[in-house]
2 protein chains.
Amino acid sequence: MPDRLTSPTDLADPGCRPEDHGARREPVDVSGEALERASRIFRALGEPSRLRLLAFLTRGEACVSEVAEAEGDEISTVSQRLRVLRNEGLVSRRRQGKHIVYGLADQHVVDLIFNALEHASEPRNAAPREKTKGVTAYASHNSHR
Amino acid sequence: MPDRLTSPTDLADPGCRPEDHGARREPVDVSGEALERASRIFRALGEPSRLRLLAFLTRGEACVSEVAEAEGDEISTVSQRLRVLRNEGLVSRRRQGKHIVYGLADQHVVDLIFNALEHASEPRNAAPREKTKGVTAYASHNSHR
DNA sequence: GTTTCATTTGAACAGCTGTGCAAGTGAATG
DNA sequence: CATTCACTTGCACAGCTGTTCAAATGAAAC
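Residues numbered from 1 in each chain as written. Chains lettered and ligands numbered in written order. Predicted model: local features only at pLDDT ≥ 70, side-chain atom pairs only at ≥ 80, totals over all residues. Heavy atoms only, no water.

Description of the pairing of strand β2 (residues 91-96) of chain A
Part 1: The sheet contact formed by β2(A) and strand β3 (residues 99-104) of chain A spans 6 bridges and is antiparallel. Its bridge partner being in β3(A), A:Arg94 is matched across the sheet by A:Val101. (Pairing = 2+ DSSP bridges. Helix = DSSP H or I, 4+ residues; strand = E, 2+ residues; numbered from the N terminus.)

Some points on helix α1 (residues 33-45) of chain A
Part 1: The end-to-end C-alpha separation of α1(A) is 19 Å, in line with the 18 Å expected for 13 residues at 1.5 Å each.
Part 2: Every buried residue of α1(A) is accounted for by A:Ala34, A:Leu35, A:Arg37, A:Ala38, A:Ser39, A:Ile41, A:Phe42, A:Ala44 and A:Leu45.
Part 3: Buried residues along α1(A) sit against α2 (48-57), α4 (75-87) and α5 (107-121) of chain A together with α1 (33-45), α2 (48-57) and α5 (107-121) of chain B. (Expected span 1.5 Å × (residues − 1). Buried < 20%, exposed > 50% of the residue type's maximum accessible area, 1.4 Å probe, protein only. Contact = heavy atoms within 4.5 Å.)

A short note on the side chain of A:Glu61
Part 1: With respect to the helices, strands and loops of the structure, A:Glu61 is situated in the loop between α2 and β1 (62-63).
Part 2: Here the side chain of A:Glu61 touches A:Arg94 through a polar contact of 2.5 Å, side chain to side chain. (Polar contact = N/O pair within 3.5 Å; in protein donor to acceptor, adjacent residues only side chain to side chain.)

Focus: the environment of A:Ala44
Residues and elements named next belong to chain A.
Part 1: With respect to the helices, strands and loops of the structure, Ala-44 is situated in helix α1.
Part 2: For the pair Ala-44 and Leu-85, spaced 41 residues apart in the sequence, the C-alpha separation amounts to 6.1 Å.
Part 3: Setting aside its immediate chain neighbours within four residues, Ala-44 contacts Arg-50, Val-84, Leu-85, Glu-88 and Leu-90.

Considering the protein's contact with DNA strand C
Part 1: The environment of DNA strand C is formed by 25 residues, the closest being A:Ser65, A:Arg93, A:Tyr102, B:Arg43 and B:Arg50.
Part 2: Near-protein atoms of DNA strand C (within 4 Å) split between backbone and bases, with sugar and phosphate holding 77%.
Part 3: B:Arg43 is positioned with one of its side-chain polar atoms (N or O) 2.4 Å from a phosphate oxygen of DNA strand C.
Part 4: One nitrogen or oxygen atom from the side chain of B:Ser49 is found 3.4 Å from a phosphate oxygen belonging to DNA strand C.
Part 5: Put simply, the parts of the chain that give the surface near DNA strand C at least two residues each are α3 (64-71), α4 and β3 of chain A together with α2 and α4 (75-87) of chain B.
Part 6: Of the residues forming the surface near DNA strand C, the biggest block, 5 residues, is contributed by α4(A).
Part 7: Across the surface near DNA strand C, the residue classes tally to 5 nonpolar, 10 polar and 10 charged. (Near = heavy atom within 4 Å. Nonpolar A, V, L, I, M, F, W, Y, C, P; charged D, E, K, R; others polar.)

As structure tokens, this is what we get:
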């Protein structure tokens, strides 16, 4: 089981190869290590409640009980959510008196959220289109370099 | 259950409020609609196999059997993965002869992947630190506006 | 040192999710 | 129109995930 196709003729020849389809792009690091971590990050962001929590923290730092009160959730539930987010390095933690104050870890997190929110706001991305005519291109608000 | 805290004094007073913690940021749209969709997108990206598939498509379009061969997976498995990704508008689909050719939907997807990959590459984000001294800030490579 | 209080953790439950086989679909090809 | 071939879908299984209660932790306040 090849992890990556070595040569074009090495396939069970499905009849098409990357070269046949145009739309060349610069390759992504698929080293597995970073990709694994990235997927864990995405998974953490992929729960509505957790994403809402992060969106809440966009407004500023907050302690656990404050979030629980604001979102109408159990404190332990919020704590668990924050634990997941913290395991992926998405939120920071800091003690302030009796409270523990959480905040977004860094600008990357903010970018991630906004980027997805933008994508989600695009009307074309709402439902699965049967016929997508071609690769539609946005003006790139946001470049990774 | 308040979806959003209405007034500072409306809380069961956890003893701290957003104003108490500094680190103000501009708020995110928490309308629920876009956020729900964004979380679905993240969830789709949050499976290593699916993310690897997208990373593969970064190199160019490909048909199902080609991906299956390259990744060493069952064709039906790959098809299912692509279905999930397509449901979230992350990949495009196009028929070419007998094959159906998939590709990344748009630049947003590329940005999303690279952004997460960058975040994942940061050494600090690898493991959960017990003591995060404060909010660590990056130079912002990437701003949403 | 003891108390207090915010937060965390353990454990169990229900619900969701990915995979792979086999069967179905549908477009192209003859 | 029949056949072929690429892909999709139905289904069942196993494994993972979020929520919650109750109990534990641990830093601060006294």
